[in-house]
Amino acid sequence: KERLIRQLSSRPSSATKPQEFKIGFKRVILSIVLGILTGLIGAILFALLIKIAVQYINQTPFLKGPVIFSPKISSKTLQSALANENQLLGSSSNGKYYKTVLDNGLTVAAKVLEPFDSGSPEMQSKSVKRRIQQELEVLASLRHRHLRSLRAYVRESDRFSLVYDYMPMGSLEDAMNGVRENHLELRWDVRLRIAVGVIKGLQYLHFTCVPQILHYNLKPTNVMLDAEFEPRLADCGLAKLMPNIDRATSGYCAPECLQNCRYTDKSDIFSFGMILGVLLTGRYPTDSFFREAVSGGSLGQWLRHLQQAGEAHEALDKSILGEEVEEDEMLMAVRIAVVCLSDLPDDRPSSDELVTMLTQLHSF
Ligand SMILES: Nc1ncnc2c1ncn2[C@@H]1O[C@H](COP(=O)(O)OP(=O)(O)OP(=O)(O)O)[C@@H](O)[C@H]1O
């Protein structure tokens with residue numbers, strides 16, 4: 001009886017042991033999982049905090065007043081010169097160009113951009129202004145023989161003014177107007193040199209700059225000429241600062257940008273093709289002549305039509321016709337302009353390929 005009682009009393013203790021072990025095991029697993037989760041969340045939060053702190057420290061300081069990139073310009077002289085009544089050089093929906101003489105005798109061209117829509121919360125935001133400032137710093141750091149360098153900029157509460165070297169010869173548009181009005185003679189070799197300079201400037205933006213920079217608004221008013229008629233590209237990469245670029249009517253904008261606002265390096269190439277077409281024909285791309293021509297409605301279609309009919313010679317500006325060797329070069333240049341003006345971006349050559357094609361023209 002005693003043994004039975006002992007047996008019965010020992011039974012429950014042996015049954016609870018595995019249960020207790022199970023519960024204990026579960027507790028250990030749970031605390032390990034909880035520990036790992038807390039550790040992970042803590043580590044993520046810590047990493048986020050470090051990232052925000054690093055971003056804050058690295059943030060470009062928000063600059064006030066003129067930012068100068070040239071030792072020849074001082075902040076005080078620039079501000080007082082810009083406040084004066086200055087000679088208007090050009091004007092568009094994005095702002096006005098003024099010729100300004102500084103106290104030290106240096107002449108600069110200042111583009112005073114249209115005020116931002118101060119009601120727009122986007123333009124009011126400091127991060128947008130900071131991004132514009134960073135972009136201007138990048139543009140100021142660009143150095144190339146065929147780019148016009150940014151010498152300074154002034155940020156006011158609602159607008160930017162951009163300061164460049166003054167170019168007494170003005171722009172390619174001014175020069176071509178002089179040619180059309182018979183005030184200026186621009187021989188083929190000079191026009192070819194201008195085309196080569198423009199494409200070398202684009203090659204630098206497309207292939208040397210990292211990340212790649214697109215011009216966005218290439219046209220003859222944005223190609224400045226120095227005293228030797230060497231071109232310098234103006235207003236590169238300023239799409240954010242110039243929201244009112246008039247692409248539809250300029251005649252230099254690629255079809256894909258007008259149709260679906262898709263802009264690539266090949267869109268810059270289309271604009272270059274149009275400039276080459278203007279240099280070869282002397283005509284404006286918006287000339288009503290193209291609307292009436294049987295070949296279609298544009299300079300590109302007209303050139304393609306004449307080239308395919310073997311009559312490209314008809315397209316050339318009569319004032320540059322001369323030696324036979326040069327005319328062969330011009331006919332090759334018409335072919336190049338026609339491929340640049342292809343409707344499909346992929347059919348257009350790159351700026352790299354164009355530098356080779358155009359610099360080899362002399363040997364054709
Ligand atoms: N650095 C400069 N030196 C001399 N003339 C200049 C200079 N920069 C601009 N210009 C003159 O200003 C004209 C261009 O003016 P503006 O840039 O306002 O016109 P746009 O190119 O049609 O406009 P946007 O670039 O806003 O589309 C040029 O054709 C040239 O006559």
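Look above for the structure.
Each value, and the rule that gives it
- Residues numbered from 1 in each chain as written.
- Predicted model: local features only at pLDDT ≥ 70, side-chain atom pairs only at ≥ 80, totals over all residues.
- Heavy atoms only, no water.
- Phe/Tyr/Trp six-rings, centres within 6.5 Å; stacked < 30°, edge-to-face > 60°.
- Buried < 20%, exposed > 50% of the residue type's maximum accessible area, 1.4 Å probe, protein only.
- Helix = DSSP H or I, 4+ residues; strand = E, 2+ residues; numbered from the N terminus.
- Lys NZ or Arg CZ within 6 Å of the ring centre and 35° of its normal.
- Lys, Arg positive; Asp, Glu negative; His and termini not counted.
- Salt bridge = Lys/Arg side-chain N within 4 Å of Asp/Glu carboxyl O.
- Contact = heavy atoms within 4.5 Å.
- 1 Å grid on protein atoms, 1.4 Å probe; cavity = no way out; pocket = protein on both sides within 12 Å on 5 of 7 lines; lining within 4 Å.
- Points joined across faces, edges and corners; volume = space filled by probe spheres on them.
- Nonpolar A, V, L, I, M, F, W, Y, C, P; charged D, E, K, R; others polar.
- Pairing = 2+ DSSP bridges.
- Axes fitted to C-alpha atoms, helices over the stretch in contact; angles between N-to-C directions.
- Near = heavy atom within 4 Å.
- Polar contact = N/O pair within 3.5 Å; in protein donor to acceptor, adjacent residues only side chain to side chain.
- Areas by Shrake-Rupley, 256 points an atom, 1.4 Å probe, with all protein chains shown as cover.

### Examining the packing of aromatic side chains
So, step 1. All chains considered together, the criterion is met by 7 aromatic pairs.
So, step 2. Where Tyr153 meets Phe160, the ring centres are 5.9 Å apart and the plane angle is 50 degrees; that geometry is what we call tilted. The same class applies to Tyr153 and to Phe160, which are both buried.
So, step 3. Pairing Tyr216 with Tyr263 gives two aromatic rings, centres 4.8 Å apart and planes at 45 degrees, and the pair type is tilted. Pair noted here: Tyr216 is in the loop between helix H6 (188–208) and strand E7 (223–225) and Tyr263 is in the loop between helix H8 (255–260) and helix H9 (265–281), with a separation of 47 residues, a long-range link.
So, step 4. In this structure an aromatic cluster arises from ring pairing among Phe69, Tyr153 and Phe160.
So, step 5. Arg283 extends its terminal NZ or CZ atom over the ring of Phe289, reaching a point 4.0 Å from the ring centre.

### Let's talk about the side chain of Glu173
So, step 1. Secondary-structure assignment places Glu173 in helix H5 (residues 172–180).
So, step 2. Notably, Glu173 is buried but unbridged: the nearest opposite-charge side chain belongs to Arg180, and the N-O separation is 4.7 Å.
So, step 3. The residues touching Glu173, leaving out its near neighbours within four places in the chain, are Pro220, Thr221, Tyr252 and Tyr284.

### A look at empty space enclosed by the protein
So, step 1. A full pass over the atoms with the stated rule returns 2 cavities of 30 Å³ or more.
So, step 2. In this structure, the largest cavity spans a volume of roughly 120 Å³.
So, step 3. Residue lining of the largest cavity: 13 residues in total, with Leu139, Arg148, Leu150, Tyr164 and Cys236 positioned closest to the centre.
So, step 4. Each residue belonging to the lining of the largest cavity can be placed in one class, and the counts come to 10 nonpolar, 1 polar and 2 charged.

### A word on the pattern of salt bridges
So, step 1. Applying the stated criterion across every chain, the model contains 10 salt bridges.
So, step 2. Lys111 is paired through a salt bridge with Asp235; the nearest N and O atoms lie 3.7 Å apart. Placement of Lys111 in strand E4 (residues 107–113) and of Asp235 in the loop between strand E8 (231–233) and helix H7 (247–250) is noted, with a sequence separation of 124 residues between them. This pair shows no difference in class: Lys111 is buried, exactly as Asp235 is.
So, step 3. Of the charged contacts, one joins Asp235 and Arg148 as a salt bridge, the two residues approaching to 3.1 Å between their closest N and O atoms. Of the two residues, Asp235 sits in the loop between E8 and H7 while Arg148 sits in the loop between helix H4 (126–141) and strand E5 (150–155), which places them 87 residues apart along the sequence. Each of the two residues, Asp235 as well as Arg148, counts as buried.
So, step 4. Counted as one network, the salt bridges with shared partners bring together Lys111, Arg148 and Asp235.

### Comments concerning the sheet that holds E5
Two orientations exist for strands paired in a sheet by backbone hydrogen bonds: parallel and antiparallel.
So, step 1. One open sheet holds the 6 strands; their spatial order is E1-E5-E6-E4-E3-E2, and the pairing between them is antiparallel. Strands at the two margins of the open sheet, each flanked by one partner only, are strand E1 (65–68) and strand E2 (87–92). Each strand of the sheet is rotated relative to its neighbour by a mean of 20 degrees, with strand direction disregarded.
So, step 2. Pairing geometry for E1 and E5, over 4 bridges, is antiparallel. For Val67, the partnering residue across the bridge sits in E5 and is Tyr153.
So, step 3. Most of the contacts of helix H2 (residues 75–83) go to E1, to which it runs at about 120 degrees, and overall it touches E1, strand E3 (95–101), E4, E5 and strand E6 (160–165).

### Details of the pairing of E6
So, step 1. When you tally the buried positions in E6, you get 5 out of 6 residues, the bulk of the element.
So, step 2. In terms of strand pairing, E5 meets E6 through 5 bridges, oriented antiparallel. Pairing of Leu150 across the sheet is with Tyr164, part of E6.
So, step 3. Between E5 and E6, which pair antiparallel and follow one another directly, the connecting turn spans 4 residues.

### Regarding the site of the ligand
So, step 1. The ligand sits among 20 residues. The nearest are Ser92, Ser171, Asp174, Lys219 and Thr221.
So, step 2. Contacts to the ligand include Ser92, whose side-chain N or O atom sits 2.6 Å from an oxygen atom.
So, step 3. Between the ligand and Asp235, the relevant distance is 3.3 Å, taken from an oxygen atom to a side-chain nitrogen or oxygen of the residue.
So, step 4. Here the ligand loses 92% of its free accessible area of 640 Å² to cover by the protein chains.
So, step 5. Breaking the shell around the ligand down by element, the ones donating at least two residues are E2 and E4.
So, step 6. When residues in the shell around the ligand are grouped by element, the largest group, 4 residues, is from E2.
So, step 7. Considered class by class, the residues forming the shell around the ligand number 6 nonpolar, 8 polar and 6 charged.

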